[in-house]
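Structural overview for review
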Amino acid sequence: MDIRALANHLGLSIGTVSRALNDRKDVNAQTRQRVIEAASALGYTPNQSGRTLRSGRTGTVGFMLTLEHDSAVYGEPFFMALWEGVQTGLTGHGLDLVILLARKGEDGLTFLRRHVSRGTADAWLLSATQVHDERIAFLQGRNIPFVALGRSETERPFAWIDLDFETVVADAVALFAAAGHRRIGLVAPPATINNSQIVIDCYKAALDAAGIAYDPALIHNGETDENDGEFAARELMMLPDPPSALLLMGETAPVGAYRALRALGLEPGQDIAVIGLRDNPACRGLVPQLTCFTLDLEALGLALAEAVAETLADHDKVHVPHLQRRWPMVPRIGASHGVRSIEGPSLHDIRVGTDR
């Protein structure tokens, strides 16, 4: 049913119905209630194209997903749960979520420029932020509201929420170090992704805090998916002085790492210690159970939705504080981080000792 049919059904003018639906003050309360009830009963929905032409707004938030990096570093289960939270949060502000996929090899800035020129969305959510991300400067230059899932080294501040990689890496290295490990391998995302730089810097700091010498040969940068986890584990274990522990900062990398280690005759949790990034569904069947970290993805999505809705509402203001938040991740202790010959205190004991 369109607005003309709704107006004919009610015996009102199209203008009156339109003003009632848009809560204009020049329509009395009884008429407004009558219009709203009829629209709901008859299944009327506004013509979005007409609304967009009149207001210049689409009522949508675009989430730019880069298949080249996002699907490997985070994985589809991560985003499906995240998007559910984002859409739930946006609905409360009368907004809808639109997922836009940049294909592998496509330049991110060119992709974003194309959709901005088309007026695809009123505001944007960016992921897979680069160390130097041209998309951020582009949106800032156009005064287009956005929030990033991730940080970047930019001149001007911007709103972001990022996973608390600092605490994850510090906790994992502390757990390894307390168990006596001195050779700790790190599988990190591609070097161009900003969280890779964060992870490596935190890894170096954690090693230094534990009195362990840094060896760049123990770092592998890659896609951190299952295939890369297998390749990285094999590569690191072939070093002349291989690691006795592996920290895998990818959603599905532990699946491949377990496979590679067993092919080399090494049993995770017995011959070599392993800690993963997150309890991805693909990793939950690993034996021994993977020591990793958990987070509430729906709550993270809700927080992103609130942040982008607030940014959209405030974007015309001159001075607006930018939300910048590290999202907490909670340890889930399994059996993969232990070895037969080395035992140490629990992560709780380590944190208590550090606090003291």
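Within each chain, residues carry numbers counting from 1 in the order of the written sequence. Per-residue local features are limited, in this predicted model, to residues with pLDDT of at least 70; the limit for side-chain atom pairs, both in listing and counting, is 80 or more; totals at the level of whole chains, interfaces and linings are taken over all residues. Hydrogens and water molecules were not included; the side-chain quantities draw on all heavy atoms of the structure.

By the naming in an unreviewed UniProt entry, the chain goes by HTH lacI-type domain-containing protein and is assigned to Sphingomonas panacis.

In DSSP terms, a helix is any run of H or I states spanning at least four residues, a strand is any run of E spanning at least two, and both are numbered starting from the N terminus. Looking only at helices and strands, the chain has 14 helices and 12 strands in total. Areas reported here follow the Shrake-Rupley algorithm with a probe of radius 1.4 Å; residue values treat only the protein chains shown as occluding. Just so you have it, the chain exposes about 16800 Å², and 51% of that area is on carbon and sulfur atoms.

Before going further, it helps to spend a moment on the packing of aromatic side chains. The way to describe two aromatic rings as a pair is by their centre distance and the angle between their planes. We call Phe, Tyr and Trp rings a pair once their centres come within 6.5 Å, taking the six-membered ring for Trp, and we label the pair stacked below 30 degrees between planes, edge-to-face above 60, and tilted otherwise. In this structure the tally under the stated criterion is 6 aromatic pairs. Where Y203 meets Y214, the ring centres are 6.4 Å apart and the plane angle is 75°; that geometry is what we call edge-to-face. In this pair, Y203 sits in helix 10 (residues 194–209) while Y214 sits in the loop between helix 10 and strand 7 (219–221), placing the two residues 11 residues apart along the sequence. With relative accessibility at 37%, the residue Y214 sits in the partly exposed group. Cluster of aromatic residues (ring-pair linked, three or more members): F63, F78, F79 and W83. Buried residues are those whose accessible area, probed at 1.4 Å on protein chains only, stays under 20% of the maximum for their type, while exposed residues exceed 50% and partly exposed ones sit between those limits.

This part covers the packing of helix 9 (residues 165–178) against helix 10. Closest axis-to-axis distance for the helix 9/helix 10 pair is 9 Å, and the angle between their directions is 35°. The two elements helix 9 and helix 10 meet at a crossing, and its hand is right-handed. Along the contact surface, helix 9 presents F165, E166, V169, A170 and V173, while helix 10 presents N195, I198, V199, C202, Y203, A206 and L207. Residue classes in the contact of helix 9 with helix 10 are distributed as 10 nonpolar, 1 polar and 1 charged. Here an angle of 0 to 180 degrees is reported between the N-to-C directions of two axes, which are lines fitted to C-alpha atoms, with helices fitted over the stretch in contact. By definition, any crossing whose near helix is turned counterclockwise from its far helix by less than a right angle is left-handed, and any crossing with a clockwise turn is right-handed. By the convention used here, residues are in contact when the closest approach between their heavy atoms is within 4.5 Å. Only Asp, Glu, Lys and Arg are considered charged in this grouping, and only Ala, Val, Leu, Ile, Met, Phe, Trp, Tyr, Cys and Pro are considered nonpolar; every other residue, Gly among them, is considered polar.

Pairing is mixed across the open sheet formed by 6 strands, whose spatial order is 7-6-8-9-10-12. Sheet topology places strand 7 and strand 12 (330–332) at the edges, where each strand pairs with a single neighbour. On average, each strand axis in the sheet is inclined to that of its neighbour by 15°, with strand direction left out of account. Here the rule is simple: two strands pair whenever DSSP picks up at least two bridges between them. Relative to strand 8 (residues 245–248), strand 6 (residues 184–188) runs parallel, the two sharing 4 bridges.

Salt bridges, as used here, are contacts in which a Lys or Arg side-chain nitrogen is within 4 Å of a carboxyl oxygen on Asp or Glu. In the structure shown here, the tally under the stated rule is 16 salt bridges. As a salt-bridge pair, R259 and E226 come within 2.9 Å of each other at their nearest N and O atoms. On the criterion of sequence distance, the pair formed by R259 in helix 12 (residues 253–263) and E226 in helix 11 (residues 226–237) is long-range, its members being 33 residues apart. Classification of E226 by relative accessible area gives partly exposed; the value is 31%. The salt bridge partner of R278 is E251, with a shortest N-O separation of 2.6 Å. Of this pair, R278 sits in strand 9 (residues 273–278) while E251 sits in the loop between strand 8 and helix 12, placing them 27 residues apart in sequence. A relative accessible area of 5% means that R278 is categorised as buried. According to the relative accessible area criterion, E251 is buried, its value standing at 1%. One continuous salt-bridge network, built from bridges that share partners, spans R151, D162, D164, E166 and R326.

Turning our attention to the packing of helix 2 (residues 14–21) against helix 3 (residues 29–42). Angle between the axes and distance between the axes: these two values describe a pair of packed helices. With their axes 9 Å apart at the nearest point, helix 2 and helix 3 run at an angle of 90° to one another. For the element pair helix 2 / helix 3, the angle class is roughly perpendicular. Counting all contacts with helix 2, which are made through T16, V17, A20 and L21, the residues of helix 3 involved are T31, R32, V35 and A39. A per-class count over the contact of helix 2 with helix 3 returns 5 nonpolar, 2 polar and 1 charged. Each angle receives one of four descriptions, namely roughly parallel if under 35 degrees, roughly antiparallel if over 145, roughly perpendicular if within 65 to 115, and oblique otherwise.

Turning next to the confidence of the model for the chain. pLDDT gives the predictor's per-residue confidence on a scale running from 0 to 100. Here the chain shows a mean pLDDT of 87. Residues at 70 or above account for 87%. The secondary structure element of the chain with the lowest average pLDDT is helix 14 (residues 347–355), at 45, and the one with the highest is strand 8, at 98. Every residue in residues 49–55 scores below 50 in pLDDT, and together they form 6 contacts with partners more than four places removed in sequence or on other chains. Note that residues 343–356 has pLDDT below 50 and, in this model, 17 contacts with residues that lie over four places away or in other chains.

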